[in-house]
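Letter by letter, the chains look like this.
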Amino acid sequence: MPVSAIQNVSFASKKAKAAEENTEKKSDKYFKWISQNQVNDTLKLSVGREVEDGKYKAASGAAVLGAFVAGMTSWFKTLKVMDLAFDAKMLAGEPVVDAAKVGNIGKQMAKNKNIAKGAFFVTLGLLAISTFIENTNKAKANATARQRGFSTIQDMASMKKNEEVYEKTDAIYNNFIKS
């Protein structure tokens, strides 16, 4: 078995050791860049436009909350239709069937089915509105990003080397977080 180190004394070649350190540093830079880029994107939405960003986020949150309520309504009404269908099936098994009961169950099923469909489409509409609001907020933030000292996706894509991207995100992070 080859011995590569004895009590913190390395016998590996200098090139192998330097390559190992360099690989470590590159991966560290990459993971640091991921975090800083996320901070850049978050700050880009708010710094210099806090009130506007807050309004967009509140509107988007309200739309999502409305979608949740409409979705739950749709779900409960669908369960009610299934329950009524079960009642109708049980009623059909009886020897004497009351026509008024059958008609009442049919009307209730139709009403609940229409409410469930309507609530489902309201849910989809509110989720679409929420997505539109979020995308509008991001587009407006990107439009003023350079003026406020942030990088846009296009800026990052135009950089040829990862080192440029790392340096840019480092500068933005240091300017807005560490200062």
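Let me sum up the structure you'll find in this document. Everything numeric here is computed off the predicted structure, so don't read it as measured data. (Residues numbered from 1 in each chain as written. Predicted model: local features only at pLDDT ≥ 70, side-chain atom pairs only at ≥ 80, totals over all residues. Heavy atoms only, no water.)

## Looking at the overall build of the protein chain
The condition is simple: Secondary structure is summarised from DSSP: a helix means a run of H or I of at least four residues, a strand means a run of E of at least two, and numbering begins at the N terminus for each. For every residue, the accessible area obtained with a 1.4 Å probe (protein chains only) is divided by the maximum for its type, and the residue is called buried under 20%, exposed over 50%, and partly exposed between those limits. Every residue pair with non-hydrogen atoms within 4.5 Å of one another is taken to be in contact. For accessible areas, the Shrake-Rupley method is used with a probe of radius 1.4 Å. Any residue's cover is judged against the shown protein chains and nothing else.
Secondary structure assignment for the protein chain yields five helices and two strands. Here the protein chain holds 179 residues, and the buried ones make up 22% of them. Relative to all contacts within the protein chain whose residues are 6 or more apart in sequence, the contacts with residues 24 or more apart total 75%. A total accessible area of about 12,900 Å² is found for the protein chain, and carbon and sulfur atoms account for 62% of it.

## Examining the packing of helix H2 (residues 50–92) against helix H3 (residues 99–143)
Quick reminder of the rule: Helix axes are fitted to C-alpha atoms over the stretch in contact, other axes to C-alpha atoms as well, and angles between N-to-C directions run from 0 to 180 degrees. Under this scheme an angle from 65 to 115 degrees is roughly perpendicular, one under 35 degrees roughly parallel, and one over 145 degrees roughly antiparallel; angles in between are oblique. Note on convention: the crossing is left-handed when the near helix lies turned anticlockwise from the far helix by less than a right angle, right-handed when the turn is clockwise. For this classification, the nonpolar set comprises Ala, Val, Leu, Ile, Met, Phe, Trp, Tyr, Cys and Pro, the charged set comprises Asp, Glu, Lys and Arg, and every other residue, Gly included, is treated as polar.
Packing of H2 against H3 leaves a shortest axis separation of 7 Å and a crossing angle of 160°. Accordingly, the angle class assigned to the pair H2 and H3 is roughly antiparallel. In terms of crossing hand, the pair formed by H2 and H3 is left-handed. For the contact of H2 with H3, the per-class residue count stands at 23 nonpolar, twelve polar and nine charged.

## Considering the pattern of salt bridges
Here is the rule we go by: Salt bridge criterion: a side-chain nitrogen from Lys or Arg within 4 Å of a carboxyl oxygen from Asp or Glu.
Throughout the structure, instances matching the rule amount to four salt bridges. The partner of Glu52 in a salt bridge is Arg49, and the shortest N-O contact between them spans 3.7 Å. We classify Glu52 as partly exposed; its relative accessible area is 32%. Owing to a relative accessible area of 5%, Arg49 belongs among the buried residues under this scheme.

## Quick look at the packing of aromatic side chains
Quick reminder of the rule: Pairing of aromatic rings covers Phe, Tyr and the six-membered ring of Trp, with a centre-to-centre limit of 6.5 Å; geometry is then stacked below 30 degrees between planes, edge-to-face above 60, and tilted otherwise.
For the coordinates displayed, the defined rule picks out two aromatic pairs. Ring centres of Trp75 and Phe76 lie 5.0 Å apart, and the angle between their planes is 55°; this geometry places the pair in the tilted category. In this structure Trp75 comes out as partly exposed when scored by relative accessible area, which is 48%. On the numbers, 5.5 Å between centres and 65° between planes, the contact of Phe120 with Phe121 is edge-to-face.

## Thoughts on H2
To keep it simple, the criterion reads: To estimate how far a helix should extend, the number of its residues minus one is multiplied by 1.5 Å.
Over its 43 residues, H2 extends 62 Å from the first C-alpha to the last, a length consistent with the 63 Å expected when each residue adds 1.5 Å. Along H2, the residues classified as buried are Asp53, Tyr56, Ser60, Ala63, Ala67, Ala70, Ser74, Val81, Leu84 and Leu91.

## Some thoughts on a nonpolar patch on the surface
What counts here: Surface patches are defined over residues having more than 30% relative accessible area and no salt bridge, joining like charges when they lie within 9 Å and nonpolar side chains (Val, Leu, Ile, Met, Phe, Trp, Tyr) when within 5 Å.
Taken together, the side chains of Trp75, Phe76, Leu79 and Met82 define a hydrophobic patch exposed on the protein surface, amounting to about 450 Å² of accessible area. Locating Phe76 in the fold gives a position in helix H2. Given a relative accessible area of 49%, Phe76 falls into the partly exposed group.

## Quick notes on H3
Taking 1.5 Å of rise per residue, the 45 residues of H3 would be expected to cover 66 Å, and the 66 Å separating its terminal C-alpha atoms lies within 8% of that figure. Those residues of H3 that sit buried are Ile105, Asn112, Ala116, Ala119, Thr123, Ser130, Ile133, Asn137 and Ala141.

## Some words on the side chain of Ser60
Assignment of secondary structure puts Ser60 in helix H2. Not counting chain neighbours up to four residues away, the residues in contact with Ser60 comprise Ser130, Ile133 and Glu134.

## Describing the environment of Gly125
For Gly125, the location among the structural elements is in helix H3. Judged by its relative accessible area of 29%, Gly125 falls in the partly exposed class. Along the chain, Gly125 and Ala67 lie 58 residues apart, while their C-alpha atoms are 8.0 Å from each other.

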